[in-house]
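# Structural overview
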Amino acid sequence: MLRAVVRAFGDPRQVIALEEAERVPPGPGEVEIRILRAAINPSDLIPITGAYRSRTTLPFVPGFEGVGEILRLGEGVAGFSLGQRVLPIGASGLWQRYLIRPAERCFVVPDDLSDDQAAMAYVNPLTAFRLVDAVRMHFGNTTGQRVGVTAAASAIGKMLLVLLAESGFQPVALVRSLATAQRLAESFSGEIVAQAPLPPLDAVLDAVGGEPGNGLFRHIRRGGAFVQYGALSGAQLDPMLVAARRDAVAFSFLWLRNWVHSAPRAAIEDAFARSFAGIRAGHLGSAVDSVFALSDLQAALARQDDPLRVGKLLLAP
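Predicted, not measured: the structure shown is a model, and the values here were computed from it.

## Remarks on the pairing of strand 14 (residues 288-293)
Relative to strand 15 (residues 312-316), strand 14 is paired through five bridges, and the arrangement is parallel. Counterpart to Phe292 in the pairing with strand 15 is Leu315. Regarding the hand of the β-α-β motif, the stretch spanning strand 14, helix 11 (residues 297-304) and strand 15 is right-handed.

## A look at helix 4 (residues 123-139)
In a regular helix each residue adds 1.5 Å, so 17 residues correspond to 24 Å; helix 4 covers 25 Å between its end C-alpha atoms and thus fits that length. Extensive coverage of helix 4 is indicated by the burial of 12 of its 17 residues. Taken residue by residue, helix 4 has Val123, Asn124, Pro125, Leu126, Thr127, Ala128, Phe129, Leu131, Val132, Asp133, Val135 and Phe139 as its buried positions. Trailing helix 4 by a residue or two, Gly140 shows a phi angle of about 65 degrees, which is positive.

## Structural notes on the sheet that holds strand 10 (residues 191-193)
Taking strand neighbours across the sheet as the criterion, the six strands line up as 10-9-8-11-12-13 in an open arrangement whose pairing is parallel. Lying at the two open borders of the sheet, with one neighbouring strand each, are strand 10 and strand 13 (249-253). Across the sheet, the mean angle from the axis of one strand to that of its neighbour is 20 degrees, orientation sign disregarded. Strand direction decides the pairing type here: strand 9 (residues 170-174) and strand 10, joined by three bridges, are parallel. Note that in strand 10 the partner of Val172 across the bridge is Glu191.

Calculation rules
Residues numbered from 1 in each chain as written. Predicted model: local features only at pLDDT ≥ 70, side-chain atom pairs only at ≥ 80, totals over all residues. Heavy atoms only, no water. Pairing = 2+ DSSP bridges. Helix = DSSP H or I, 4+ residues; strand = E, 2+ residues; numbered from the N terminus. Right-handed = clockwise from strand over helix to strand, strands pointing away. Expected span 1.5 Å × (residues − 1). Buried < 20%, exposed > 50% of the residue type's maximum accessible area, 1.4 Å probe, protein only. Axes fitted to C-alpha atoms, helices over the stretch in contact; angles between N-to-C directions.

Here you go:
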């Protein structure tokens, strides 16, 4: 089978190699899955650069999100059937044609979702749920706080704007340019900020980090919260700044995988049910720019960096 492999940290377009590998049968409690679609997310690419090398062991096959169909059942597996579509979660490895995964880490996909929709039902929606829950827990039973969302025109940014408003908060979309603000205004009628001065903010959900994140952290009102869930800038917040304001602003970094590995299966199933419902309703789905064969991975990575890209990229191994 063909697979993508990372054996050294660096620029994804330079260090990801395509290799042939032998298929292996599933062991006890495992299933073999033929990957139908796999997403390309920043959360796949950033670890390849070495940004999280303390949490990343080489070599590895990238790809945290996708959908596949079960081809073989290992001994003792119950509750699954051949040909059933599932979301395999909990570890990377989906940028390959066949995947072995513990059955307990697989979740059934409803028949009415397409492969493309199912392939994007995990990382962004479940991360968005956790982020909004973090804000809700910080402020207790009160609502109405102004919550800034960085990279607000991204797929997850748009989800957060909807979910925050549904939860009674006032979302403030934070974007990098007036052109992005104009595009976002076509789907979001709330407050959009592309230039200084920043409005008062009670909390920020941040996907950027680095200097932009530092500026926002300084701006949050006393008693507020800053939740970072990504580092698109390639850098974390200044730890000295975080320490200096620890009595004024609560800081946390959200890793979806930590929750996935600690939550009861029933809680994860409930989250997926909510994700599937949101995709059907239209506010948790993501647009697809292109679908590439795994053998065309280099073209897919080039398109990922293209400023004219208008949606998610999917691989069809």
